[in-house]
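# Structural description and commentary
Now for the letters of each chain:
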Protein chains: 2
Amino acid sequence: MSELQPPFKVGALASATGLTVRTLHHYDEIGLLSPSARTPSGHRLYDAHDVQRLQQIQSLRAVGFPLEEIRHLLSSRQVSAQRVIALHLEQLEQRIAEQQALAVRLQRLARHLETAALAPVGDLCRIIEATLMMEQYFTPEQQDAIKARGAMLGEQAIRDVEAAWGEVIPAVREHMARGTPPTDPDLQALARRWKSLVEAFTGGDHAIAASVRRMYDEQHEVINAAHANTPDPAMFAFMATVFAEIGGGPG
Amino acid sequence: MSELQPPFKVGALASATGLTVRTLHHYDEIGLLSPSARTPSGHRLYDAHDVQRLQQIQSLRAVGFPLEEIRHLLSSRQVSAQRVIALHLEQLEQRIAEQQALAVRLQRLARHLETAALAPVGDLCRIIEATLMMEQYFTPEQQDAIKARGAMLGEQAIRDVEAAWGEVIPAVREHMARGTPPTDPDLQALARRWKSLVEAFTGGDHAIAASVRRMYDEQHEVINAAHANTPDPAMFAFMATVFAEIGGGPG
DNA sequence: CTTGCACCTCACGCCGCGTGAGGTCCGAGG
DNA sequence: CCTCGGACCTCACGCGGCGTGAGGTGCAAG
C-alpha cells in the first residue's frame, strides 16, 4: 500500500526535509533513524515509514529535545506527552531566566561603561569585577546609594581617597611590624583617618560598612594575592584594638 | 613589592577562586593563563599578576564571553569595551528571543495537549507537526479560526471528514488511472464532495484554502512519502480540470 | 572510455571542561 | 631510615550535534 512511492535516497530525503546528508548519516550512526533498506552497493533507501519517523524526529527536534531523548520517546510509548512537554518547558524557562539575568548584568555594565567614557578592556574587567562584587554583597538600594555618593563626590575626590588609602595602609603595616601599642597617638591619628576614609565610601551607612567587611572576610585571599597594598585579616584585627582604644568601630 | 605573598599552587588558587584544578590546567593548556613560574619538579606557581589575570578572566567569563575571545580581549588593549559589551549583549538577546519563541511554541503545545487529554507520544508528534505547520502557513487569526471551527464541529464530525477523505481520494485515483474524462458525472459528483470537504475545513475562507494549497505545493514530497492516501500534484491538476467543468475552484 | 555527480566510510574538530589512569613530589609520622 | 597520604603532574577520552574534509565506489550520460 505504501510501496507505490519509490524509496528515497539520502540526497533526495535530505533536500526534501531540509536536513543535510551528514545529518541523516549521523542519525543512522547513532541508531536514531536507520534506513529500512540498502541497495546492493550500500546506498541508503528510506521508505515511507522511515520518512514518517524522520518527521517525528524533526518535530521533536524543533521543540528542542536532544536526540537521545527523542530516541527514548519514540521507542517507549508509555510516556505521557503532557509530562514530557511540561518538564521540557520548565527546563527551558529556567535557562531563559538565567540568560535574562545575564542580560540584565550586561545592561548594567553597559550603563556603567557609558559614564566611564572611553574605557579600554583593562578597565572593563575592573568594572565587571566591581559590578559582580556589588551584586554579590550589596542590595540594589545600597548600590544606588554608593553610585550616588560617587557621583556627588566627583572623580577627583575618589582619586584623592584612593591615594589616601595608599598612604594609610603602608603606615599601618609599619606600625604592625614595629609592634606599636594601640595607645600610641600617631597610630590613633591614623585610625581616625582610616575611619574617615571608610565613611567617605560608606556615607556612614553601617549596613554598607558591614557588607564591605564581609566581602573582605570572604575574598581576602584573592584580593590580597592580586592587589598589593590592601588590608588583610591581621590588619583588621590590629586596627580593631586601636578602635577599641579611641572608642567606636571602624565605621 | 608584590612578592611578599607566597605564590599560589594550583589547589590553593583553585579553592581561593572557586574554580577547579582541571579548569586551571585547561587555561594553561590553551594558553589563556600560564603560571609565571614552576617549581623544579614542575608544580605550577601563580604569582600576583597571574591571580589578577585570572580575576579578569573570571569577570569576562561571568558575563558569558568564550575563552578564546577572552584571550583576544586581554591581549589587545585597543578594543573598545563598550562595543564589545554591546555586541555581546545583542547576541545574547537574540538567543533569548529564539528561546522565548520556542517557549511560546511549547506553551501552545501544552494547551493543545490539554484538550487532547491522555495523549501518548505518537500523538504528541502529530500535534507538534500540526502546530509547526500551522505556524508556517497560517496567520494566528487563521489558526484561531481553524481551532474554533474544529471545536464547533466536534471530534466526531472531524473523524467523519477524515473518513470521507479516505473514500474520496482512492476513488479519484481510480478515475485518474482509468483516464475518466472531466465530463463524467460520477467524477463530477466526487469533485463536489471534495469541494464540500475542503469547505468543512476552511469554513469557506479562501485565504485558508490558499494556504493549504501552498502547504501541499511545498511539502508534497514529504507528505506523500510519509502518508499514503494523500493527494499529490498530479491529482490536484486532474481535479482542476474537473472543477473547470463544473465551474468554480476547489474551495 | 571518461566525465561528473551522488553515494559510501572513516575520522578529526568544535567548547569547556569532567573524569579517570598512571606516575611523581613532598611533608609528617613511625 | 622508610612509609603513607595527599597534592601535584601529564596524557587522553567523553559530552552533543553535527561540519568538513579525505579518499574511494556506483551509476547514468556524452
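Here, residues in each chain are numbered from 1, in the same order as that chain's written sequence. The lettering of chains begins at A and the numbering of ligands begins at 1, in the order of writing. Owing to the predicted nature of the model, reporting of local features is limited to residues with pLDDT of at least 70; listing and counting of side-chain atom pairs is limited to 80 or more, with chain, interface and lining totals taken over all residues. As a convention, hydrogens and water are excluded, and side-chain values are obtained from all of the structure's heavy atoms.

### Observations regarding the protein's contact with DNA strand C
Note the threshold: If a single non-hydrogen atom of a residue is within 4 Å of a molecule or strand, that residue counts as near it. Within 3.5 Å is the distance limit for a polar contact, defined as a pair of N or O atoms, with the added protein rule that one can donate a hydrogen and the other accept it, and that residues adjacent in sequence qualify only through two side-chain atoms. Secondary structure elements are taken from DSSP: a helix is a run of H or I of four residues or more, a strand is a run of E of two residues or more, and numbering for both begins at the N terminus. Think of it as three bins: nonpolar holds Ala, Val, Leu, Ile, Met, Phe, Trp, Tyr, Cys and Pro, charged holds Asp, Glu, Lys and Arg, and polar takes everything else, Gly as well.
Surrounding DNA strand C, one finds 19 residues, the nearest of these being Gly11(A), His25(A), Arg44(A), Arg22(B) and Arg61(B). Near the protein, meaning within 4 Å, the atoms of DNA strand C are sugar or phosphate in a fraction of 75%, with bases accounting for the rest. With respect to DNA strand C, the side chain of Arg61(B) contributes an N or O atom lying 2.7 Å from a phosphate oxygen. Within the contact set of DNA strand C, a phosphate oxygen lies 3.2 Å away from a backbone nitrogen or oxygen of Leu67(B). For the surface near DNA strand C, the secondary structure elements donating two or more residues are helix 1 (10-17) and helix 2 (21-29) of chain A together with helix 2 (21-29) of chain B. Per-class residue counts for the surface near DNA strand C are 4 nonpolar, 9 polar and 6 charged.

### Concerning a nonpolar patch on the surface
All names here are of chain A. The test is simple: Patch construction takes residues with relative accessible area above 30% that form no salt bridge. Like charges are linked within 9 Å, and nonpolar side chains (Val, Leu, Ile, Met, Phe, Trp, Tyr) are linked within 5 Å. The method behind every accessible area is Shrake-Rupley, applied with a 1.4 Å probe, and residues are considered shielded solely by the protein chains displayed. Counted as salt bridges are all cases of a side-chain nitrogen of Lys or Arg within 4 Å of a carboxyl oxygen of Asp or Glu. Only protein chains enter the accessibility calculation, which uses a 1.4 Å probe. A residue is then buried if its area is under 20% of the maximum for its type, exposed if over 50%, and partly exposed in between.
On the surface, Met152, Leu153 and Ile158 cluster together into a nonpolar patch covering about 280 Å² of accessible area. Checked against the element boundaries, Leu153 lands in helix 7 (residues 140-153). For Leu153, a relative accessible area of 36% puts it in the partly exposed group.

### A short note on the protein's contact with DNA strand D
Neighbouring DNA strand D are 19 residues, the closest being Thr20(A), Arg22(A), Arg61(A), His25(B) and Arg44(B). For DNA strand D, the fraction of atoms within 4 Å of the protein that belong to sugar or phosphate moieties is 76%. One of the backbone nitrogen or oxygen atoms of Leu67(A) is found 3.4 Å away from a phosphate oxygen of DNA strand D. Between Arg38(B) and DNA strand D, the recorded distance is 3.0 Å, taken from a side-chain N or O atom to a phosphate oxygen. Among the elements of the structure, helix 2 of chain A together with helix 1 (10-17) and helix 2 of chain B are those that each provide at least two residues to the surface near DNA strand D. Looking at which element gives the most residues to the surface near DNA strand D, the answer is helix 2 of chain A, with 4 residues. Here the residues of the surface near DNA strand D sort into 4 nonpolar, 9 polar and 6 charged.

### Focus: the relation of the copies chain B and chain A
Put simply, the rule is: For this overlay, a least-squares fit was computed on C-alpha atoms, restricted to residues scoring pLDDT of at least 70 in both copies. The criterion used for residue contact is that any of the two residues' heavy atoms lie within 4.5 Å.
Overlay of chain B on chain A (RMSD 0.2 Å): rotation 180°, translation along the axis 0.0 Å. On this basis, the relationship between the two copies can be described by a two-fold rotation axis. The position closest to the rotation axis in chain B is occupied by the C-alpha of Ile96(B), lying 3.0 Å away. Take the interface residues of chain B: 100% of them recur as interface residues in chain A, which is what a same-surface contact looks like.

### A few points about unusual backbone geometry
All names here are of chain A. With a phi close to 65°, Asn229 is a non-glycine residue in the positive phi region. Within the secondary structure, Asn229 is located in the loop between helix 10 (206-226) and helix 11 (233-246). Judged by relative accessible area, Asn229 falls into the partly exposed class, the value being 34%.

### A short note on the nonpolar core
The cut-off we apply is this: In plain words, nonpolar cores are sets of buried Ala, Val, Leu, Ile, Met, Phe, Trp, Tyr and Cys residues tied together by side-chain atoms within 4.5 Å.
Formed by 78 residues in total, the largest nonpolar core has its most connected members in Leu60(A) and Leu60(B). Not counting residues within four places of it along the chain, the set of residues in contact with Leu60(A) comprises Phe65(A), Ile70(A), Leu73(A), Leu74(A), Leu124(B), Cys125(B) and Ile128(B).

### Quick word on the environment of Gln136(A)
Residue and element names in this part refer to chain A. By secondary structure assignment, the location of Gln136 is in helix 6 (residues 121-137). Put simply, Gln136 and Ser211 are 75 residues apart on the chain and 9.6 Å apart in space, counted from C-alpha to C-alpha. Discounting chain neighbours no more than four positions away, the residues touching Gln136 are Arg214 and Gln219.

### Some remarks on the side chain of His88(B)
Looking at where His88(B) falls in the secondary structure, it is placed in helix 5 (residues 81-115). The exposure class assigned to His88(B) is buried, which follows from its relative accessible area of 9%. Within the local environment of His88(B), its side chain forms a polar contact with the backbone oxygen of Val63(B), the two atoms lying 2.7 Å apart. Dropping the residues within four chain positions of it, His88(B) is found in contact with Leu106(A), Val63(B), Gly64(B) and Phe65(B).

### Things to note about the interface of chain B and chain A
How we decide: Buried area is calculated as the accessible area (1.4 Å probe) missing from two parts once they are joined, with the contributions of both summed.
Facing the 57 residues of chain B at the interface are 57 residues of chain A. Regarding the contact of chain B and chain A, the summed buried area is about 5300 Å², with carbon and sulfur atoms giving 69% of it. Here chain B is connected to chain A by 0 salt bridges. Linking chain B with chain A are 6 residue pairs in polar contact (both at pLDDT 80 or more). Those elements giving two or more residues to the side of chain B that touches chain A turn out to be helix 1, helix 3 (48-62), helix 4 (67-75), helix 5, helix 6 (121-137) and helix 10 (206-226) of chain B.

### Looking at the domain arrangement of chain A
For the record, the criterion: Those domain boundaries reflect an automatic or database domain assignment.
Looking at chain A, the domain boundaries give domain 1 (10-75), domain 2 (82-136) and domain 3 (153-246). Relative placement of domain 1 of chain A and domain 3 of chain A: their C-alpha centres are 67 Å apart.

### So, the pattern of salt bridges
All chains considered together, the criterion is met by 13 salt bridges over all chains. For Asp28(A), the salt bridge goes to Arg44(A), with nearest N and O atoms at 2.4 Å. With Asp28(A) in helix 2 and Arg44(A) in strand 2 (residues 44-45), this pair connects stretches of sequence that are 16 residues apart. Across this residue pair, the class does not change: Asp28(A) and Arg44(A) are buried. The salt bridge partner of Glu218(B) is Arg214(B), with a shortest N-O separation of 3.5 Å. Pair noted here: Glu218(B) and Arg214(B) are both in helix 10, with a separation of 4 residues, about one helical turn. On the basis of relative accessibility, which here comes to 48%, the residue Glu218(B) falls in the partly exposed class. Using a relative accessible area of 38% as the deciding quantity, one classes Arg214(B) as partly exposed. When salt bridges with common partners are traced through the structure, they connect Asp28(A), Arg38(A) and Arg44(A) into a single cluster.

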